[in-house]
Amino acid sequence: MILIVDSGSTKSDWIAVDSNGEKLLEKIRTKGLNPAILSEKKLKKIIKSNEDLKHNRHIVSHVYFYGAGCGTENPRLLLKGVLQEIFTNAHIEVNEDTLAAVYSTINHPKEAAVVCILGTGSNCSYFDGEVLHQRVNSLGYTLMDDASGNYYGKQLIRDYYFNKMPEHIKVAFGSKYNLESDFIKYNLYKLPNPNAYLANFAEFMFLNKESEYIINLIKTGIRLFSTNMIMQFEEEIKTVPVHFAGSIAYFYQKEIKEVSEEMGFKVGNFERRPIEGLVSFHTKNI
């Protein structure tokens, strides 16, 4: 049994296949497994709480894990150790989530492209056809993650409290969420995964996309992301497409394309959930 995992900070999708790519179990979903945020104990608890994973752990031969928080060595090694302890007979590979986005969006295995993730978090890399290049190490949701779900959640809450929302939007936002200050602070500073908590508010943008305020909010975030992340690869984007993965990117394709025209890069493919494309890639390359 081969396990292929695509994990954000909010949720992790697991697919179990055989060496021919045939699915052995229904898709498994657990909470997100971000080793830059969660402790070893918490990571183990999330994985072991799923009965399918627990029951089949000794027959798993390979685990290919792609996740948020796995772009630096210490968190990656932490998660690899957790997976090795649980799936004792398996070959384990842990990679950053950007590499999953690459394999699921490029048109052929050697295609060069700039690949972006806009989901709970955000990131951007250049794939030269063989090697992934990143010019800025992510410092996570507190300092970076422009145009991500948690970025937009933060902006919505700030605009609500600073009275920068149109009145009808403010009323709608206040009626949909618990915006009491103590409740917000408890979720941000006392509970795990504050980035995922913030990202939950991003749904409000999709539900109110006809608002000029919301459209401007979306495009402001995309411009910021493009300036800080995509334009790191100013020379590369002259000749290669910019692909996007993640739910924020998928639902705001129109706004991304409009910003791309403003800033002079060519938009390529959009993939909401990278995991499906990973199955084909790995079963061909075991």
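Predicted model, so just to flag it, every value in this text is computed and none were measured. (Residues numbered from 1 in each chain as written. Predicted model: local features only at pLDDT ≥ 70, side-chain atom pairs only at ≥ 80, totals over all residues. Heavy atoms only, no water.)

**Q** Tell me about the packing of aromatic side chains, and please be specific about residues and values.
**A** Enumeration over the complete set of coordinates arrives at 15 aromatic pairs. On the basis of an interplanar angle of 15° and a centroid distance of 5.5 Å, the ring pair of F244 and F270 is categorised as stacked. Here F270 lies in strand β10 (residues 267–271) and F244 lies in strand β9 (residues 242–245), a separation of 26 residues in the sequence. An aromatic cluster is present here, built from Y160, Y161, F173, Y177, Y197, F201 and F204 joined pairwise through their rings. Lying over the aromatic face of Y160, K170 brings its terminal NZ or CZ to 5.2 Å of the ring centre. (Phe/Tyr/Trp six-rings, centres within 6.5 Å; stacked < 30°, edge-to-face > 60°. Helix = DSSP H or I, 4+ residues; strand = E, 2+ residues; numbered from the N terminus. Lys NZ or Arg CZ within 6 Å of the ring centre and 35° of its normal.)

**Q** Account for helix α12 (residues 253–263), naming residues and giving values.
**A** For α12, the full list of buried residues reads E255, I256, V259 and S260. Seen end-on, α12 carries its buried residues on one side only, within an arc spanning 140°. Seen from the buried face of α12, the exposed residues on the opposite side, beyond 90 degrees, are K254 and E261. In this structure, the buried residues of α12 make contact with β6 (113–118), α10 (212–228), β9, α11 (247–251) and β10. Just downstream of α12 lies G264, where phi reads positive at about 85°. (Buried < 20%, exposed > 50% of the residue type's maximum accessible area, 1.4 Å probe, protein only. Arc of directions from axis to C-beta. Contact = heavy atoms within 4.5 Å.)

**Q** Quick rundown of the sheet that holds strand β4 (residues 62–67)? Include the residues and the values.
**A** Strand order in this open sheet of five strands is β3-β2-β1-β4-β5, and the pairing throughout is mixed. Taken across any chain shown, the strands that pair with only one partner, and hence form the sheet edges, are β3 (28–31) and β5 (91–96). The mean inter-strand angle of the sheet, taken between neighbouring strand axes irrespective of direction, is 15°. Judged from the six bridges that link them, strand β1 (residues 2–7) and β4 form a sheet pairing that is parallel. (Pairing = 2+ DSSP bridges. Axes fitted to C-alpha atoms, helices over the stretch in contact; angles between N-to-C directions.)

**Q** Any details on the nonpolar core? Residues and values, ideally.
**A** In terms of nonpolar packing, the biggest core is built from 45 residues, with Y152, L156, F173 and F244 touching the most fellow members. In this structure F173 touches L156, I157, Y160, M165, L179, F201 and F204, once residues within four positions along its chain are discounted. V5, A16, V82 and V94 belong to the second largest nonpolar core, which has 24 residues in total. (Core = buried A, V, L, I, M, F, W, Y, C linked by side-chain atoms within 4.5 Å.)

**Q** Lay out the packing of helix α5 (residues 149–161) against helix α6 (residues 167–176) with the relevant residues and their values.
**A** Contact pair α5 / α6: the axes reach a minimum separation of 11 Å and the direction vectors enclose 115°. In the crossing of α5 with α6, the sense of the turn from one axis to the other is left-handed. Touching L156, I157 and Y160 of α5 are K170, F173 and G174, all from α6. Of the residues contributing to the contact of α5 with α6, the split by class is four nonpolar, one polar and one charged. (Left-handed = near helix turned anticlockwise from the far one by under 90°. Nonpolar A, V, L, I, M, F, W, Y, C, P; charged D, E, K, R; others polar.)

**Q** Would you mind going over the pairing of β5 in detail, with residue names and values included?
**A** When a strand is regular, its side chains alternate between the sheet's two faces. Burial along β5 is one-sided: I92, V94 and E96 are buried, and none of H91, E93 and N95, which face the opposite way, are. In the classification by handedness, the crossover that spans β4, the intervening helix α3 (residues 73–86) and the parallel β5 is right-handed. (Right-handed = clockwise from strand over helix to strand, strands pointing away.)

**Q** Help me get a handle on unusual backbone geometry, residues and values and all.
**A** A negative phi holds for most residues other than glycine; trans holds for most peptide bonds. Non-glycine residue D145 carries a positive phi angle of around 60°. With a phi close to 60°, N193 is a non-glycine residue in the positive phi region. Along the chain, N193 falls in the loop between α7 (181–189) and α8 (194–199).

**Q** Explain the state of the cysteines to me, and be specific about the residues and the numbers.
**A** What the rule picks out here adds up to zero disulfides. Take C70: it sits in no disulfide, and the sulfur closest to it among the cysteines is that of C124, at 18 Å. Taking relative accessible area as the criterion, C70 reaches 1% and is therefore assigned buried. Here C124 stays free of any disulfide, with the sulfur of C116 as its closest cysteine sulfur at 3.7 Å. (Disulfide = S-S within 2.5 Å.)

**Q** Can you explain the confidence of the model for the protein chain? Please cite residues and give values.
**A** Summary statistics for the protein chain give a mean pLDDT of 93 and a share of 99% for residues scoring 70 or more. Ranking the elements of the protein chain by mean pLDDT puts helix α13 (residues 275–284) last, at 76, and α10 first, at 98. (pLDDT = per-residue confidence, 0-100.)

**Q** I'd like a description of the side chain of S211, backed by residues and values.
**A** Its location among the elements puts S211 in the loop between α9 (203–207) and α10. Looking at S211, its side chain comes within polar contact range of the main-chain nitrogen of Y213, at 3.1 Å. (Polar contact = N/O pair within 3.5 Å; in protein donor to acceptor, adjacent residues only side chain to side chain.)

**Q** Describe α6, naming the residues involved and giving the relevant values.
**A** Where α6 is concerned, the buried positions are I169, K170 and F173. One side of α6 carries all its buried residues, which in axial view fall inside an arc of 100°. Away from the buried face of α6 by more than 90 degrees, exposed residues E167, H168, V171 and S175 are located. Contact partners of the buried residues in α6: α5, α9 and α10.

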